[in-house]
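Chain by chain, the residues:
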Amino acid sequence: LLALGSTCAFAQYKPRAEKEISAADAANRLPAQLVGVGIEEHLGRAIDLDLTFNDENGKVVKLRDFFNKGRPVLLDLVYFNCPQLCTLILNRQVEIMRQMPQTPGKEYEVISISIDPRETPEIASKKKASYLASYGKPAPGWHFLTDRDDNSKRLAELIGYHYRWDPRI
């Protein structure tokens, strides 16, 4: 079963008679849509803090602006107009943040970065306003950033988050 967005395609693998393949090889074959997609742990790997993004106000910022404050950083790679998983992740995150006594901007930083290069600072600003309203208290350390010069993809690769654009969905 291959699930793509709200559609599903069923396929049955039938090896060619002229070439024998083991069951393990058949199980390891990925559908074309999933080649290059996955998560790879890079614990302890440094990231490039000089990568630049646009913040929710359109200002150019570096990751360094958020990582060198002596506080832990929660990093989200999402896209803001996502109708499914990214929204679920951010919704659950804000629920948990409401239960914590710590405040973003005082004890920790939160950076939500869009991986969709088409999203603009205006979209990020609207998403930020929506989540801050849901959070219900000031969160000066929660930042909503958009891509600049394909740095969202670079950052994702550095942290082991591999994704592909599928124009059909």
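Small disclaimer: the values here were computed from a predicted structure and weren't measured.

A separate point is the overall build of the protein. Looking only at helices and strands, one finds 5 helices and 9 strands in the protein. Relative to its full complement of 169 residues, the protein shows a buried share of 34%. Contacts in the protein between residues at least 24 apart in sequence constitute 74% of all its contacts with a sequence separation of at least 6.

Pairing within the open sheet is parallel, and its 3 strands lie in the order S6-S7-S8. Of all the strands in the sheet, just strand S6 (73-78) and strand S8 (142-145) have a single pairing partner and so form its edges. Along the sheet, successive strands turn relative to each other by an average axial angle of 15°, direction set aside. Judged from the 6 bridges that link them, S6 and strand S7 (residues 109-114) form a sheet pairing that is parallel. Bridging from a neighbouring strand, Leu-74 pairs with Val-110 of S7. Along the sheet face, helix H5 (residues 151-159) touches S6 and S7 and points at about 115° away from the line of S6.

What follows covers the packing of aromatic side chains. Taken as a whole and judged by the stated rule, the model has 3 aromatic pairs. For the pair Tyr-131 and Trp-142, a centre-to-centre distance of 6.1 Å together with 50° between the ring planes defines the contact as tilted. With a gap of 11 residues between them, Tyr-131 in helix H4 (residues 121-135) and Trp-142 in strand S8 connect regions that are remote in the sequence. With 5.2 Å between their ring centres and 35° between their planes, Trp-142 and Phe-144 make a pair best called tilted.

As enumerated under the stated definition, the model contains 8 salt bridges in all. A salt bridge links Asp-116 to Arg-118; the nearest nitrogen and oxygen atoms lie 2.9 Å apart. The exposure class assigned to Arg-118 is exposed, which follows from its relative accessible area of 56%. Residues participating in the shared-partner salt-bridge network are Asp-50, Lys-62 and Arg-64.

In this section: the pairing of S8. In S8, alternate side chains face the same way, and those of Trp-142 and Phe-144 on one face and His-143 and Leu-145 on the other are all buried. On the question of chirality, the crossover connecting S7 to the parallel S8 by way of H4 is right-handed.

Glancing now at the state of the cysteines. Two cysteines, two sulfur atoms, one covalent bond between them: this is a disulfide. One pass over the full model with this rule turns up 0 disulfides. In this structure Cys-82 is not part of a disulfide, and its nearest cysteine sulfur, from Cys-86, lies 3.6 Å away. With relative accessibility at 9%, the residue Cys-82 sits in the buried group.

In this section: H5. Among all positions in H5, only Asn-151, Ser-152, Leu-155 and Ala-156 are buried. Burial along H5 is one-sided: seen end-on, the buried residues are contained in an arc of 140°. Its buried side turned inward, H5 meets strand S4 (52-54), S6, S7 and strand S9 (161-162). Looking at the residues trailing H5, positive phi occurs at Gly-160, about 90°.

What counts, and at which threshold
Residues numbered from 1 in each chain as written. Predicted model: local features only at pLDDT ≥ 70, side-chain atom pairs only at ≥ 80, totals over all residues. Heavy atoms only, no water. Helix = DSSP H or I, 4+ residues; strand = E, 2+ residues; numbered from the N terminus. Buried < 20%, exposed > 50% of the residue type's maximum accessible area, 1.4 Å probe, protein only. Contact = heavy atoms within 4.5 Å. Pairing = 2+ DSSP bridges. Axes fitted to C-alpha atoms, helices over the stretch in contact; angles between N-to-C directions. Phe/Tyr/Trp six-rings, centres within 6.5 Å; stacked < 30°, edge-to-face > 60°. Salt bridge = Lys/Arg side-chain N within 4 Å of Asp/Glu carboxyl O. Right-handed = clockwise from strand over helix to strand, strands pointing away. Disulfide = S-S within 2.5 Å. Arc of directions from axis to C-beta.

By themselves, these observations are geometric and do not establish any function.
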